[in-house]
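What follows is the residue order along each chain.
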Amino acid sequence: MQQGNRKGRSLIEGVLMFFISYVLFNLDLFTIFYVTPLLLYSINNGKRKAELLIAIDMLFIVVTDILMIDGSISTKLGFAFLLIDLYIPLSLSAAGIVWLRTGGERRLLRRLLMVLLPSIILIVPCALFILSDRALSDAVYNAYGDAFAAVLGPMMGVLIPGIDMKVFTDLILTTVMSLLFPVLLCGICATCFTYESALHSRESDWEESVMRFSYPQDAIWGFIASWALVLILRFVSAPLLLEIAVMNVAFVWTVFYAIQGFTVVFARIRRRHRTVKSMTVLIVVVAISLLIPGINFIVLLGIPLLGVLETFFDLKKIGVGYEDHS
C-alpha cells in the first residue's frame, strides 16, 4: 500500500513538474529556465526518473513544434526553422541530464564545460545544414532580419531618424549569435544552482561552501586569452563566423567569472547578515539585471570584474583559506 502511495505521489509530482516546465518554456523570458522543475523532481524521485521526465518533455516539445510548423517542414527552409526552434530546448534538456549524471565531478569549471558540450555538438549539424546551401542561409538570414526590422523599425525610426535598418538588423543578428552560448550558460547555471540549493537546503555548510568557492588561479588564462583574441580580431580581417565564435568563447569565460564574482558579493553580504541565503541574493541580482535600466549594466559588468579580481586579491575577506571546490 505504501509503495503504491509513493508511486502515486511520484506520478502526480511528475505531471505537475511537467506542466510547470511547459508553461515556462512558452513564456519567452523564462524559456531558458524550463528544465529547472524537471531537475527539482529528481530530489524526491531519483535521477533516473528525472532523466526520463526530461526526455518525455523534450519529445513532447519536438512533436508539438513539428505539428505547429505543419507542412512547411517538408521544405528545406521550414526544416531549418525547426532546427533553430529546437536548438535551445534540446541544448537545455541535454545540459540537465549531463548535470544529473556528473554529480560526482568536484571541479565546477570542468563540470560546466561538460554541461555546455552538448550545445556545442548540436550546433555543428545545424550550422552545416544551413550554411552548406547559400540560398538557404540567405533566406534564413533575411527572414530573421525582416522580423527584426518589422518589430524594431518603427521605434528606431523615431529614436534615430534616417537609420539604416539593414545595418541595424545586421548588428542585432550578429550580437544575438555572439551571445548564444553565454545566454545558454546563464540559463544552465541558474537552473543548476537552483537545483543544488534545493538539494543541499538541509545541509548546514552549503552556504559556507558557496562563500568559499573559487577557481584555480590558472583558469584566469582562459579569460585573458579569449579577450586578447577578441582584441586582435578588431585589427585583423577575419571571417564573420570566426569573430562570432571568438566572442562566444570570450563571453562564456566572462560568465564563468561572473559565478566567482557572485560568490564575492554573497560572501560580503553574508558577513553582515548571517541568515541571508545565496538563492535570495541570486534572485535579487537577476531581478536587478533584468529590470533596472542603468544599474543593470553596472551589475552585469561589475560582477564578472569582481570574479576576475578575486583571482588576484582576497576580496571576500572572510579570514580563512579557501577550499578548492572548482
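Note that the structure is a prediction, hence the values are computed from the model and not measured. Residue indices begin from 1 for each chain and proceed along its sequence in written order. In view of the model being predicted, local features appear only for residues whose pLDDT reaches at least 70, and side-chain atom pairs are presented and counted only at 80 or more, with totals across whole chains, interfaces and linings using the full set of residues. Where side-chain values are given, they derive from all heavy atoms of the structure, hydrogens and water being excluded.

S.K.: Give a description of the packing of helix α8 (residues 180-199) against helix α11 (residues 240-272) that names residues and reports values.
M.R.: For helices, the fitted axis covers only the stretch in contact; all axes are lines through C-alpha atoms, and the angles between them, taken along N-to-C directions, range from 0 to 180 degrees. Note on conventions: DSSP H or I runs of at least 4 residues are helices, E runs of at least 2 residues are strands, and numbering of each starts at the N terminus. For the pair α8 and α11, interaxial distance at closest approach is 8 Å and the crossing angle is 30°. The orientation of α8 relative to α11 falls into the category roughly parallel. In this structure, α8 meets α11 at a crossing whose hand is right-handed. In contact with Leu-180, Phe-181, Pro-182, Leu-185, Cys-186, Cys-189 and Phe-193 of α8, α11 contributes Asn-248, Phe-251, Val-252, Val-255, Phe-256, Ile-259 and Phe-262. Oblique is the label for every angle not falling under 35 degrees (roughly parallel), over 145 degrees (roughly antiparallel), or within 65 to 115 degrees (roughly perpendicular). Should the near helix be turned anticlockwise from the far one by less than a right angle, the crossing is left-handed, and should it be turned clockwise, the crossing is right-handed. Pairs of residues are marked as contacts when any of their non-hydrogen atoms sit within 4.5 Å.

S.K.: Give a description of the layout of surface pockets that names residues and reports values.
M.R.: Approximately 170 Å³ is the volume found for the second largest pocket. Buriedness for pockets is judged along seven lines, at least five of which must meet protein on both sides within 12 Å for an open set on the 1 Å grid over protein atoms alone, while cavities are sets there where a 1.4 Å probe fits but cannot get out, and lining residues have an atom within 4 Å of a point. Together, Lys-7, Ser-10, Leu-11, Gly-14, Val-15, Phe-18, Tyr-41, Lys-49, Leu-52, Leu-53 and Ile-56 line the second largest pocket. Going through the elements one at a time, α1 (2-26) and α3 (47-69) are the ones with two or more residues in the lining of the second largest pocket. The element that contributes the greatest number of residues to the lining of the second largest pocket is α1, accounting for six residues. Its residues placed into classes, the lining of the second largest pocket shows seven nonpolar, two polar and two charged. Grid points are joined across faces, edges and corners, and a volume is the space filled by probe spheres set on the points. Residues are grouped as follows: Ala, Val, Leu, Ile, Met, Phe, Trp, Tyr, Cys and Pro are nonpolar; Asp, Glu, Lys and Arg are charged; all remaining types, including Gly, are polar.

S.K.: Can you explain the packing of aromatic side chains? Please cite residues and give values.
M.R.: Two aromatic rings from Phe, Tyr or Trp, using only the six-membered ring of Trp, form a pair when their centres are within 6.5 Å; if the ring planes differ by under 30 degrees the pair is stacked, by over 60 it is edge-to-face, and anything between is tilted. In this structure the tally under the stated criterion is 13 aromatic pairs. Between the aromatic rings of Phe-18 and Phe-60, the centroid separation amounts to 5.5 Å while the plane-to-plane angle is 65°, which identifies the pairing as edge-to-face. Taken as a pair, Phe-18 in helix α1 and Phe-60 in helix α3 lie far apart in primary sequence, 42 residues in all. For Phe-18, a relative accessible area of 19% puts it in the buried group. Centroid distance Phe-193 to Phe-262: 6.0 Å. Interplanar angle 80°. Geometry classified as edge-to-face. Separated by 69 residues along the polypeptide, Phe-193 in helix α8 and Phe-262 in helix α11 bring together distant segments of the chain. Using a 1.4 Å probe on the protein chains alone, a residue whose accessible area is under 20% of its type maximum counts as buried, one over 50% counts as exposed, and one in between counts as partly exposed.

S.K.: I'd like a rundown of the environment of Leu-16, residues and numbers included.
M.R.: Counting through the fold element by element, Leu-16 comes out in helix α1. Classification of Leu-16 as partly exposed rests on a relative accessible area of 48%. With 64 residues separating them along the chain, Leu-16 and Ala-80 place their C-alpha atoms 32 Å apart.

S.K.: Can you break down the confidence of the model for the protein chain residue by residue, with the values?
M.R.: Mean pLDDT for the protein chain: 85, with 93% of residues reaching 70 or above. Per residue, pLDDT measures the predictor's confidence, with a range of 0 to 100. Looking over the protein chain, one finds the lowest element-wise mean pLDDT in helix α6 (residues 134-159), namely 79, and the highest in helix α10 (residues 220-233), namely 94. In this model residues 318-326 is a low-confidence stretch, pLDDT under 50, and it forms 29 contacts with partners more than four residues away in sequence or in other chains.

S.K.: Got a sec to walk through empty space enclosed by the protein? Specific residues and values, please.
M.R.: Tallied over the entire structure, the rule returns one cavity of 30 Å³ or more. Of the volumes computed, that of the largest cavity is approximately 50 Å³. Around the largest cavity, the lining residues are Ile-32, Val-35, Leu-92, Ala-95, Gly-96, Gly-187, Ile-188, Thr-191 and Cys-192. Of all elements in the fold, only α4 (76-101) and α8 reach the threshold of two or more residues within the lining of the largest cavity. Looking at which element gives the most residues to the lining of the largest cavity, the answer is α8, with four residues. Counted by class, the lining of the largest cavity contains six nonpolar, three polar and no charged residues.

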